[in-house]
Amino acid sequence: ATPYIDILKKCIEQEYLTSRSISKRALYEYVKIECTIKNLEPLKEITIYKLLDRVDAQVKSRMRNGKKASETYDSVERGFSNEEAFYPLHLVEIDHTELDLEVIDDITGYEIGRPWITLGIDVFSRMVWCIYVSFEPPSANRVRKAIQHGLFFKKVKEKYDTFNGWDIFGVPSIIQLDNGPDFKSQAVKRLINETLQSNVRYRHVKIPRYGATIERLFGTINSELIHRLAGTTKSSFTKLGDYNPSEEAIFTLSDITE
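Parameters at a glance
Residues numbered from 1 in each chain as written. Predicted model: local features only at pLDDT ≥ 70, side-chain atom pairs only at ≥ 80, totals over all residues. Heavy atoms only, no water. Helix = DSSP H or I, 4+ residues; strand = E, 2+ residues; numbered from the N terminus. Buried < 20%, exposed > 50% of the residue type's maximum accessible area, 1.4 Å probe, protein only. Contact = heavy atoms within 4.5 Å. Areas by Shrake-Rupley, 256 points an atom, 1.4 Å probe, with all protein chains shown as cover. Pairing = 2+ DSSP bridges. Expected span 1.5 Å × (residues − 1). Arc of directions from axis to C-beta. Axes fitted to C-alpha atoms, helices over the stretch in contact; angles between N-to-C directions. Core = buried A, V, L, I, M, F, W, Y, C linked by side-chain atoms within 4.5 Å.

Visitor: What is the right way to read the overall build of the protein from this model?
Guide: Helix and strand content of the protein: eleven helices and seven strands. Of all 258 residues assigned to the protein, the portion counted as buried reaches 41%. In the protein, the proportion of contacts linking residues at least 24 apart, taken out of those at least 6 apart, comes to 58%. Summed over its atoms, the accessible surface of the protein is roughly 14,800 Å², and 53% of this surface lies on carbon and sulfur atoms.

Visitor: So what exactly am I meant to see when it comes to the pairing of strand 5 (residues 128-134) here?
Guide: Consecutive side chains of a regular strand alternate in pointing toward one face of the sheet and then the other. In terms of residue burial, strand 5 counts as a mostly covered element, since five of its seven residues are buried. Pairing analysis gives six bridges linking strand 4 (residues 116-122) to strand 5, with the strands arranged antiparallel. Following the sheet pairing, Trp116 is matched in strand 5 by Ser134. Linkage of strand 4 to strand 5, two consecutive antiparallel strands, is achieved through a turn of five residues, within which Arg126 is found at a positive phi near 60 degrees.

Visitor: What is the right way to read helix 2 (residues 24-37) from this model?
Guide: An α-helix turns once per 3.6 residues; consequently, residues spaced three or four apart project the same way. Taking 1.5 Å per residue as the helical rise, helix 2 with its 14 residues ought to reach 20 Å, and the 20 Å between its terminal C-alpha atoms agrees with that figure. Listed as buried for helix 2 are Leu27, Tyr28, Val31, Glu34 and Cys35. The arc that holds every buried residue of helix 2, seen down its axis, measures 125 degrees, which confines them to one face. Lining the buried residues of helix 2 we find helix 1 (2-16) and helix 3 (45-53).

Visitor: Help me understand the sheet that holds strand 6 (residues 174-177) in this model?
Guide: By definition, the strands of a sheet pair up through backbone hydrogen bonds, in either a parallel or an antiparallel sense. Ordered in space as 5-4-1-6-7, the five strands form an open sheet in which the pairing is mixed. At either end of the open sheet lies a strand with only one pairing partner, and these are strand 5 and strand 7 (199-202). Ignoring strand direction, the axes of neighbouring strands in this sheet form an average angle of 20 degrees. Across the sheet, helix 6 (residues 140-151) is in contact with strand 1 (91-98), strand 4, strand 5 and strand 6; its angle to strand 5 comes to roughly 140 degrees. Packing of helix 9 (residues 212-224) onto the sheet brings it into contact with strand 1, strand 4 and strand 5, and relative to strand 4 it is tilted by some 130 degrees.

Visitor: Would you take a moment to explain the pairing of strand 1 for this structure?
Guide: With seven of eight residues buried, strand 1 is to be regarded as a mostly interior element. As paired elements, strand 1 and strand 6 share three bridges and run parallel to each other. Directly across from Leu91, in strand 6, lies its bridge partner Ile174. Pairing of strand 1 with strand 4, which is carried by seven bridges, proceeds in the antiparallel orientation. Each bridged residue has a counterpart across the sheet, and for Val92 the counterpart in strand 4 is Asp122.

Visitor: Sorry, what's going on with the nonpolar core here?
Guide: Across soluble globular proteins, nonpolar side chains have a tendency to be buried as a group. Judged by nonpolar contacts, the single largest core of 20 residues is most densely connected at Ile94, Trp129, Ile147, Ile175, Leu177, Phe183 and Ile192. Of all elements in the fold, only strand 1, strand 5, helix 6, strand 6, helix 8 (186-195) and strand 7 reach the threshold of two or more residues within this core. For this core, the element with the most residues is helix 6, which contributes four residues. The next biggest cluster of nonpolar side chains, apart from the first, holds 14 residues, and it includes Ile7, Leu8, Tyr16 and Cys35.

Visitor: Looking at this structure, I do not really get helix 9. What am I missing?
Guide: The end-to-end C-alpha distance of helix 9, which contains 13 residues, comes to 18 Å, matching closely the 18 Å that a straight helix rising 1.5 Å per residue would cover. Taken as a whole, helix 9 has its buried residues at Thr213, Ile214, Leu217, Phe218 and Asn222. For helix 9, the buried positions fall inside an angular range of 165 degrees around the axis, keeping them on one side. Looking at the buried residues of helix 9, the elements they touch are strand 1, strand 4 and strand 5.

Visitor: Help me understand unusual backbone geometry, please; the structure alone is not making it clear to me.
Guide: Generally, phi is negative for residues other than glycine and the peptide bonds are trans, each holding for most cases. For Asn39, which is not glycine, the phi torsion reads 55 degrees and is therefore positive. Structurally, the position occupied by Asn39 is in the loop between helix 2 and helix 3. The residue Lys155 is not glycine, and still its phi comes out positive at about 55 degrees. Mapped onto the fold, Lys155 is located in the loop between helix 6 and helix 7 (156-160).

Take a look at the structure:
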């Protein structure tokens with residue numbers, strides 16, 4: 001049954017649950033073609049129809065109708081929807097944190113401080129949508145540069161010769177932000193609402209579960225990567241012992257970005 005499952009998954013995701021909104025009959029023809037290519041007995045038309053009837057109505061509407069469906073299902077700014085994301089780029093959470101790491105100047109070799117990282121995570125796929133690393137403290141400009149990075153192709157194989165590509169890009173339906181002045185600036189709101197024609201949403205104050213996905217990502221990056229690198233400041237002074245981050249720092253800002 002596995003070859004049929006793979007065919008159905010591919011055809012439903014790539015043909016039926018798209019903005020082209022093809023009919024059930026058209027999907028059946030796609031499935032039949034895929035079965036023929038793989039020398040499999042075609043599935044019955046009624047079987048395909050029954051499977052499509054089991055697709056959640058809201059998921060179907062969101063995938064096929066895009067932003068129009070979001071206007072129906074999402075509460076934006078005025079309230080808050082406590083739903084998880086239903087599809088890729090439905091909801092992206094963006095936030096900043098200061099990395100637990102001292103870095104050095106790439107020319108002088110002197111220690112120059114701890115950089116800030118701005119990350120955006122796609123809540124549905126848990127893929128990092130954008131990243132921006134610099135010494136610039138939280139600001140509307142940081143948010144703009146991070147969003148710009150998320151919109152376009154990453155091309156990491158060409159830049160860094162990575163084993164895997166970084167395939168996520170595009171315009172999210174909703175971008176969820178923290179309540180800092182950098183996020184609430186009119187420039188950021190206009191960028192999201194008018195330029196991208198997306199919806200902006202803010203985390204509820206003092207309710208940790210809103211924004212928990214991005215917070216977990218920050219924790220993982222620090223504990224699984226940054227705290228293992230030379231120059232780490234760890235998460236607290238007491239955990240450092242005799243270790244001196246400034247003396248041990250060997251990485252530049254471009255190293256950390258890579």
